Amino acid sequence: MELYYVEIILNTFKVVKRKINKEGGADGDAIPLLVELLSSPDPRTQEHAVTALLNLSINESNKGTILNEGAIPDIVDVLKNGSMEARENAAATLFSLSVIDENKVAIGAAGAIPALITLLCEGTPRGKKDAATAIFNLSIYQGNKARAVKAGIVTPLMRLLKDAGGGMVDEALAILAILASHPEGKTAIGQAEPIPVLVEVIRTGSPRNRENSAAVLWSLCTGDFEQLKLSKELGAEEALKELSENGTDRAKRKAGNILELLNQIEVGATY
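Model, not experiment: these values are computed from the prediction.

Moving on to the overall build of the protein chain. Within the protein chain one finds 18 helices and zero strands. Burial statistics for the protein chain: of 271 residues in total, 49% are counted as buried. Nonlocal contacts in the protein chain, meaning residues at least 24 apart in sequence, comprise 68% of its contacts between residues at least 6 apart.

What follows concerns the nonpolar core. By size, the foremost hydrophobic cluster in this structure holds 79 residues, and its most contacted members are Leu116, Leu120, Ile153, Leu161 and Leu240. If one sorts the elements of this core by residue count, helix α12 (residues 169-179) sits on top with eight residues. Residues contacting Ile153, with those up to four places away along its chain left out, are Ile117, Leu120, Ile135, Ala148 and Leu179.

Bringing the packing of aromatic side chains into the picture now. Per the stated rule, a full pass over the model turns up zero aromatic pairs. Between the NZ or CZ atom of Lys254 and the centre of the ring of Trp218, over which it lies, the distance is 4.0 Å.

Time to look at the packing of helix α5 (residues 71-81) against helix α8 (residues 112-122). Following both chains from N to C, one finds α5 and α8 inclined at 30 degrees, their axes separated by 9 Å at the closest point. Classified by the interaxial angle, the pair formed by α5 and α8 is roughly parallel. Here α5 runs over α8; the crossing is left-handed. When α5 is examined against α8, the residues Val76, Leu79 and Lys80 are found in contact with a partner set consisting of Ala112, Ala115, Leu116 and Leu119.

Below, the discussion takes up the side chain of Lys63. Tracing the sequence through the fold places Lys63 in helix α4 (residues 60-68). Classification of Lys63 by relative accessible area gives buried; the value is 2%.

Contact geometry of helix α11 (residues 154-162) with α12 gives a least axis separation of 8 Å together with a crossing angle of 140 degrees. With respect to α12, the axis of α11 lies oblique. For the crossing formed where α11 meets α12, the hand is left-handed. Residue-level inspection shows Leu157, Met158, Leu160 and Leu161 of α11 in contact with α12, the latter providing Val169, Ala172, Leu173, Ile175, Leu176 and Leu179.

What follows covers the confidence of the model for the protein chain. Do not read the predicted coordinates in detail wherever pLDDT is low. On average, residues of the protein chain score 89 in pLDDT, and 87% of them reach the 70 mark or higher. Counting interchain partners and residues more than four positions distant, the pLDDT-below-50 stretch residues 15-26 has 15 contacts.

All chains considered together, the criterion is met by 13 salt bridges. Here Glu122 ties to Arg87 by a salt bridge, and the two come within 3.2 Å at their closest N and O atoms. Highlighted residues: Glu122 in helix α8 and Arg87 in helix α6 (residues 84-97), separated in sequence by 35 residues. For Glu122, a relative accessible area of 49% puts it in the partly exposed group. Owing to a relative accessible area of 9%, Arg87 belongs among the buried residues under this scheme.

Before going further, it helps to examine the side chain of Arg210. Tracing the backbone shows Arg210 in helix α15 (residues 207-221). Take Arg210: its relative accessible area is 10%, and that puts it in the buried class. Each residue touching Arg210, except ones within four places of it in the same chain, is listed here: Val201, Ile202, Gly205, Ala239, Glu242 and Leu243.

What follows deals with helix α7 (residues 101-109). Buried within α7 are the following residues: Asn103, Lys104, Ile107 and Gly108. For α7, the angular spread of the buried residues around the axis is 130 degrees, confining them to a single face. Among the exposed residues of α7, those pointing more than 90 degrees away from its buried face are Glu102 and Ala109. Looking at the buried residues of α7, the elements they touch are α4, α5, α6, α8, α9 (125-138) and α10 (142-150).

Trans is the prevailing form of peptide bonds, just as negative phi is the prevailing case for residues other than glycine. One non-glycine residue, Glu193, adopts positive backbone phi at about 55 degrees. In this structure Glu193 comes out as exposed when scored by relative accessible area, which is 62%.

For Pro125, the location among the structural elements is in helix α9. For Pro125, a relative accessible area of 65% puts it in the exposed group. In this structure, the C-alpha to C-alpha distance between Pro125 and Gly167, residues 42 residues apart in sequence, is 8.1 Å.

Here we take up the environment of Leu179. Looking at the element boundaries, Leu179 is found in helix α12. For the pair Leu179 and Val149, spaced 30 residues apart in the sequence, the C-alpha separation amounts to 7.9 Å. Excluding residues within four positions of it along the chain, Leu179 makes contact with Ser139, Lys145, Ala148, Ile153, Leu157, Gly185, Lys186 and Ile189.

Conventions and cut-offs
- Residues numbered from 1 in each chain as written.
- Predicted model: local features only at pLDDT ≥ 70, side-chain atom pairs only at ≥ 80, totals over all residues.
- Heavy atoms only, no water.
- Helix = DSSP H or I, 4+ residues; strand = E, 2+ residues; numbered from the N terminus.
- Buried < 20%, exposed > 50% of the residue type's maximum accessible area, 1.4 Å probe, protein only.
- Contact = heavy atoms within 4.5 Å.
- Core = buried A, V, L, I, M, F, W, Y, C linked by side-chain atoms within 4.5 Å.
- Phe/Tyr/Trp six-rings, centres within 6.5 Å; stacked < 30°, edge-to-face > 60°.
- Lys NZ or Arg CZ within 6 Å of the ring centre and 35° of its normal.
- Axes fitted to C-alpha atoms, helices over the stretch in contact; angles between N-to-C directions.
- Parallel < 35°, antiparallel > 145°, perpendicular 65-115°, else oblique.
- Left-handed = near helix turned anticlockwise from the far one by under 90°.
- pLDDT = per-residue confidence, 0-100.
- Salt bridge = Lys/Arg side-chain N within 4 Å of Asp/Glu carboxyl O.
- Arc of directions from axis to C-beta.

Spelled out as structure tokens, the structure:
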């Protein structure tokens, strides 16, 4: 019976794909069946179902239909318990659905973030990137920032940030930059002793990574004399001066803001 279901999925997906290519739309009638098959005990059936939903979710008109069919809890369950391929595609599907703001709230409330963090830690290179992309997009919603911090996101992000050869520095910094704007995120990042690696990235990183590192450093140093003092001791000032001249527009602004704070130390102002 499961093989029969798999064939239905494959045939449905072929039809849907033809319709997408030909008409720019997709047949939402397939979505309820695919959502039902997410709960199949057969791993391959789950993989096919979540993969088909991923492809269908690319079409904007299907995002709401997938949500309305109650798919998110089942997609999260696949993310937690499916095969690695199914988990990766579930993460990518959640990212696709989270483009709609109200979906960010529903996905976070369904418990997706801890499962995404697990995939970020134990997935394949592709799975880690799918998880990171989904976490970043979900964390645009303020409530999901707190969920991510409480689920322990900062520790794996710092590990990825320090592993220059792991291929995840860009993603780790992008997520840290968005979490640092949240009070709980700022506290958790500050406790992870990030200043040395942030200063090093500002010195030697890519333009976007230097920008995100400066954004994190600015959040940490604002209102925190100890972080500011440590940044100065580690030579951040020279790197920030160079960034303020040659960085992206946002990086120049952040670097200038931090330099103003550092200057307060130099002139003995009360901070």
